[in-house]
Amino acid sequence: MRLIGLSALRVTTLSFYEYLQIKQVQLPPLPPLKSLTELFDWTPPQFYRAQEIAVPYVGHFHEYLIRGGFPLREIHLADAVPTPNCSRDWHR
């Protein structure tokens, strides 16, 4: 059976925050910032503390960048949907 006439499913990428929400990841809260200009007033210990708090985020952020903003479950679902421009052989 050959799948013909399917259109591509366009999905907007997620923000890193949305990505974490969908994956249901529990991470420590980061220090609040109303503006990036607040960082100019931070002391070295404040930067060090923020760096320590952010360590658990690094792996998730790396995965987010690799996947282009799509959680793993969505990637597998997208791979299973053939598109007309796809070079895979979909007749099985």
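These figures come from a predicted structure and were not determined experimentally.

## Regarding the overall build of the protein chain
(1) Moving on: Per the secondary structure count, the protein chain includes three helices and zero strands.
(2) Moving on: By residue count, 13% of the 92 residues in the protein chain fall in the buried class.
(3) Moving on: When contacts within the protein chain are restricted to residue pairs at least 6 apart in sequence, those whose partners lie at least 24 apart make up 76%.
(4) Moving on: Taken as a whole, the protein chain presents about 7800 Å² of accessible surface, with 61% of it coming from carbon and sulfur.

## Let's talk about the packing of aromatic side chains
(1) Moving on: A full pass over the atoms with the stated rule returns five aromatic pairs.
(2) Moving on: On the numbers, 5.9 Å between centres and 25° between planes, the contact of Phe61 with Tyr64 is stacked. In this pair, Phe61 and Tyr64 are both assigned in helix H2 (residues 44–67), three residues apart and thus about one turn of the helix distant.
(3) Moving on: Looking at Phe61, the relative accessible area reads 37%, which means it is partly exposed.

## Re the environment of Leu33
(1) Moving on: With respect to the helices, strands and loops of the structure, Leu33 is situated in the loop between helix H1 (16–23) and H2.
(2) Moving on: Residue Leu33 is classed as partly exposed on the basis of its relative accessible area, which comes to 35%.

## Points about the confidence of the model for the protein chain
(1) Moving on: Averaged over the protein chain, the pLDDT score is 77; the fraction of residues at 70 or greater is 63%.
(2) Moving on: Within the protein chain, no element has a lower average pLDDT than helix H3 (residues 72–79), which sits at 49, and none a higher one than H2, at 93.

## Re the environment of His60
(1) Moving on: Mapped onto the elements of the fold, His60 is located in helix H2.
(2) Moving on: The spatial distance from the C-alpha of His60 to the C-alpha of Leu20 is 7.9 Å, given a sequence separation of 40 residues.
(3) Moving on: Residue contacts for His60: discarding those within four places in its chain leaves Phe16, Tyr19, Leu20, Val25 and Leu27.

## Focus: the pattern of salt bridges
In a structure, side chains of opposite charge can pair up when their charged atoms sit close to one another.
(1) Moving on: All chains considered together, the criterion is met by three salt bridges.
(2) Moving on: The partner of Glu63 in a salt bridge is Lys23, with the nearest N and O atoms 2.7 Å apart. In this pair, Glu63 is assigned in helix H2 and Lys23 in helix H1, connecting sequence segments 40 residues apart.
(3) Moving on: Note that Arg67 and Glu63 form a salt bridge whose closest N and O atoms lie 3.4 Å from each other. Note that Arg67 and Glu63 are positioned in helix H2 at a spacing of four residues, about one turn of the helix.
(4) Moving on: Residue classification places Arg67 among the partly exposed positions, given a relative accessible area of 26%.
(5) Moving on: Taking the relative accessible area as the measure of exposure, Glu63 reaches 22% and is therefore partly exposed.

Rules of the game
- Here the residue numbering is sequential within each chain, running from 1 through the sequence in written order.
- In keeping with the predicted nature of the model, local features appear solely for residues at pLDDT of at least 70, side-chain atom pairs appear and are counted solely at 80 or more, and the whole-chain, interface and lining totals rest on all residues.
- Side-chain metrics in this entry use all non-hydrogen atoms of the structure; hydrogen atoms and water are not considered.
- By the criteria applied, helices consist of DSSP H or I runs no shorter than four residues and strands consist of E runs no shorter than two, each listed in order from the N terminus.
- Only protein chains enter the calculation, and the probe is 1.4 Å; a residue is then buried if its accessible area is under 20% of its type maximum, exposed if over 50%, and partly exposed in between.
- Here, two residues are considered to be in contact whenever any of their heavy atoms come within 4.5 Å of each other.
- The method behind every accessible area is Shrake-Rupley, applied with a 1.4 Å probe, and residues are considered shielded solely by the protein chains displayed.
- Each aromatic pair joins two rings of Phe, Tyr and Trp (for Trp, the six-membered one) with centres within 6.5 Å, and gets the label stacked for planes under 30 degrees apart, edge-to-face for over 60, and tilted for any other angle.
- Each residue carries a pLDDT score, the predictor's confidence in it, ranging from 0 to 100.
- For this analysis, a salt bridge means a side-chain nitrogen from Lys or Arg found within 4 Å of a carboxyl oxygen belonging to Asp or Glu.

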